Every structure is written in structure tokens, then in C-alpha cells.
Amino acid sequence: MKAWFVTFAEYTREANRTVYTILDGLSPDEREKERGSYYGSLSGLVLHLLGGTLFFHSLFKDALGEGSAAVTALDYPAVSLPKGKLSEAQWKSLGPVFESADGATVNFIGSLADKELSAPIKLNWYGGNPPSVPLSFMLQQLTVHGVHHRGQISQILDELKVDNDYSGINVAFLPR
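Residues numbered from 1 in each chain as written. Predicted model: local features only at pLDDT ≥ 70, side-chain atom pairs only at ≥ 80, totals over all residues. Heavy atoms only, no water.

## Concerning the overall build of the protein chain
Rules: Labels follow the DSSP assignment, with helices taken as runs of H or I lasting at least four residues and strands as runs of E lasting at least two, numbered in each case from the N terminus. Working definition: with a 1.4 Å probe on protein chains only, accessible area under 20% of the residue-type maximum means buried, over 50% means exposed, and in between means partly exposed.
Assigned secondary structure in the protein chain consists of five helices and two strands. Mapped from its N terminus to its C terminus, the protein chain presents α and β elements in the order α-α-α-α-β-β-α. Seen through its principal axes, the protein chain has C-alpha atoms that stretch 45 × 35 × 30 Å. Here the protein chain holds 176 residues, and 45% of them are scored as buried.

Structure (C-alpha cells):
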């Protein structure tokens, strides 16, 4: 099972690179324009996507604690994500943060002991029932969260007639 989670994390890293590169080719005005999505602009969607990854990492750290070898993979410089419209410098700063966070996800999953996949993640979601879910479930949630928001970005890019294709996991991502 862990091999599939690594596959999804590697796919996510590559898809996020592709999305960031495509959006980096747009003008700041195009990235910041209100698009009618819940998060407003393309930059808003990217910020939410990245913020979600960082949030999931915090849940993983809390669940496994400092005694886990996998948790050390999540040690990367703390970041404070900007809010609102992004300056060009703020936008440019997100690329390395994506790289760092996505790389940490791949390394974290690769470092997990099989038994850690069932570690309980405490949540206050779902109305408190259940009070926790296995780490494996949250790894699935992290993947689905990314696919969902990259799908929103893809729809907006389609409307702009900007070529994009990062929606499939090709054979390069087959577990080794």
C-alpha cells in the first residue's frame, strides 16, 4: 500500500510543478483576476492548494510525533503564506515552497513504517464521529484535495484557452 501512496505523492509533485509553470507563464493580472471560484483567483487556488498541504503535514506530525523517522522528512523551513493579491515577488516565492513541501511529502511517505499507516489522526471533522482516522485515509485525502483544486485550475485554464494537461498518472508513475 505504501508504494501507491509514494506514487500519488510523486504524481502530485509533478502535477504541481506543471501547474506552477503554466501559471507562471501568465501575467500577474491573469493570475490575480477574480474567476468565480471559491478561492477567487488562480493565485488564490494555488495558495489554498499549498496551504492544504502544509496543514496536512501538521496533522501528520501531530499524529506520529518526534519519535517517528518519517516526521523528520517534514522538517523544512516554516513558511507564512501571503494573503490577498500577490505581488510578483510573492508569486515567485511560492515555487520553491511547493518544491519543498511536495518533496517532503514524498520523503515522508517513503520513510513511513508500514504500521504507521494506521496511526490515528485526530480530527474535529465529520461532527466528531469518528474522532480519528488512520493516516492512510488522510494520505488519500491529501491526494484528493490536490486533484480537486488542480481540476478547478484546469477548468479556468481551459476557459482561457491555455493548454494544460496534468490530470493523468502515466506509466512513469507505476510503483517500483
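Let's pick the thread back up.
## Looking at the pattern of salt bridges
Note the threshold: The salt bridge criterion pairs a side-chain nitrogen of Lys or Arg with a carboxyl oxygen of Asp or Glu, the two atoms within 4 Å.
Counted by the stated rule, this structure contains six salt bridges. Connected through salt bridges with shared partners, the residues Asp-24, Arg-31, Glu-88 and Lys-92 form a single ionic network.

## Examining the packing of helix α3 (residues 42-64) against helix α4 (residues 88-111)
Let me state the cut-off plainly: To define axes, lines are fitted to C-alpha atoms, for helices over the stretch in contact only, and angles between the resulting N-to-C directions are given on a 0 to 180 degree scale. In this scheme the handedness of a crossing depends on how the near helix is turned from the far one: anticlockwise by less than a right angle means left-handed, clockwise means right-handed. Two residues form a contact once any of their heavy atoms are found within 4.5 Å.
Viewed as axis vectors pointing N to C, α3 and α4 meet at an angle of 35°, and their least axial separation amounts to 11 Å. Taken as a pair, α3 and α4 cross one another with a handedness that is left-handed. For the pair formed by α3 and α4, the contact residues are Ser-43, Val-46, Leu-47, Leu-49, Leu-50, Thr-53, Leu-54, His-57, Phe-60 and Leu-64 on the first element and Trp-91, Leu-94, Val-97, Phe-98, Ala-101, Asp-102, Ala-104, Thr-105 and Phe-108 on the second.

## Some details on helix α5 (residues 135-159)
Worth spelling out the cut-off: For a helix, the expected span equals 1.5 Å multiplied by the number of residues minus one.
With 25 residues, α5 extends 37 Å from end C-alpha to end C-alpha; this agrees with the ideal 36 Å at 1.5 Å per step. In the stretch just after α5, Lys-161 is the one whose phi turns positive, near 60°.

## Brief notes about the packing of aromatic side chains
Aromatic rings in a pair are described by how distant their centres are and how their planes are angled relative to each other. In plain terms, the rule: Here is the rule: rings of Phe, Tyr and Trp (six-membered ring for Trp) pair when centre to centre is within 6.5 Å. Planes less than 30 degrees apart are stacked, more than 60 are edge-to-face, and the remainder are tilted.
Per the counting criterion, the structure on display carries six aromatic pairs. Summarising the aromatic geometry, the rings of Trp-4 and Phe-8 are spaced 6.3 Å apart at their centres and angled 35° between planes, so their arrangement reads as tilted. Residue Trp-4 and its partner Phe-8 are located together in helix α1 (residues 2-24), separated by four residues, close to a single helical turn. Geometrically, the ring pair formed by Phe-56 and Phe-60 is tilted, given 6.3 Å between the ring centres and 50° between the ring planes.

## With respect to the confidence of the model for the protein chain
Basically, it comes down to this: Note on scores: pLDDT gives the predictor's confidence for each residue, bounded by 0 and 100.
Per-residue confidence for the protein chain averages 91 on the pLDDT scale, and 95% of its residues sit at or above 70. Element-level pLDDT for the protein chain is lowest in strand β1 (residues 120-122), with a mean of 93, against a maximum mean of 97 in helix α2 (residues 28-32).

## Remarks on a negative patch on the surface
We apply this condition: Two joining distances apply to patches: 9 Å for like charges and 5 Å for nonpolar side chains (Val, Leu, Ile, Met, Phe, Trp, Tyr), and every residue must have over 30% relative accessible area and no salt bridge. Accessible surface area values rest on a Shrake-Rupley calculation with a 1.4 Å probe, where residue burial reflects the displayed protein chains alone. In this charge count, Lys and Arg are treated as positive and Asp and Glu as negative; neither His nor the chain ends contribute. Each charge is placed at NZ for Lys, CZ for Arg, CG for Asp and CD for Glu.
On the surface, Asp-158, Glu-159, Asp-163 and Asp-165 cluster together into a negatively charged patch. Examined against the element boundaries, Asp-158 turns out to sit in helix α5. For Asp-158, a relative accessible area of 44% translates into the label partly exposed.

## Examining the nonpolar core
In plain terms, the rule: The term nonpolar core refers to a set of buried residues drawn from Ala, Val, Leu, Ile, Met, Phe, Trp, Tyr and Cys, joined through side-chain atoms within 4.5 Å.
Judged by nonpolar contacts, the single largest core of 50 residues is most densely connected at Leu-23, Phe-60, Phe-108, Leu-139 and Ile-153. When residues of this core are traced back to their parent elements, those giving at least two are α1, α3, α4 and α5. Residue contributions to this core peak at 11 residues, all from α3.

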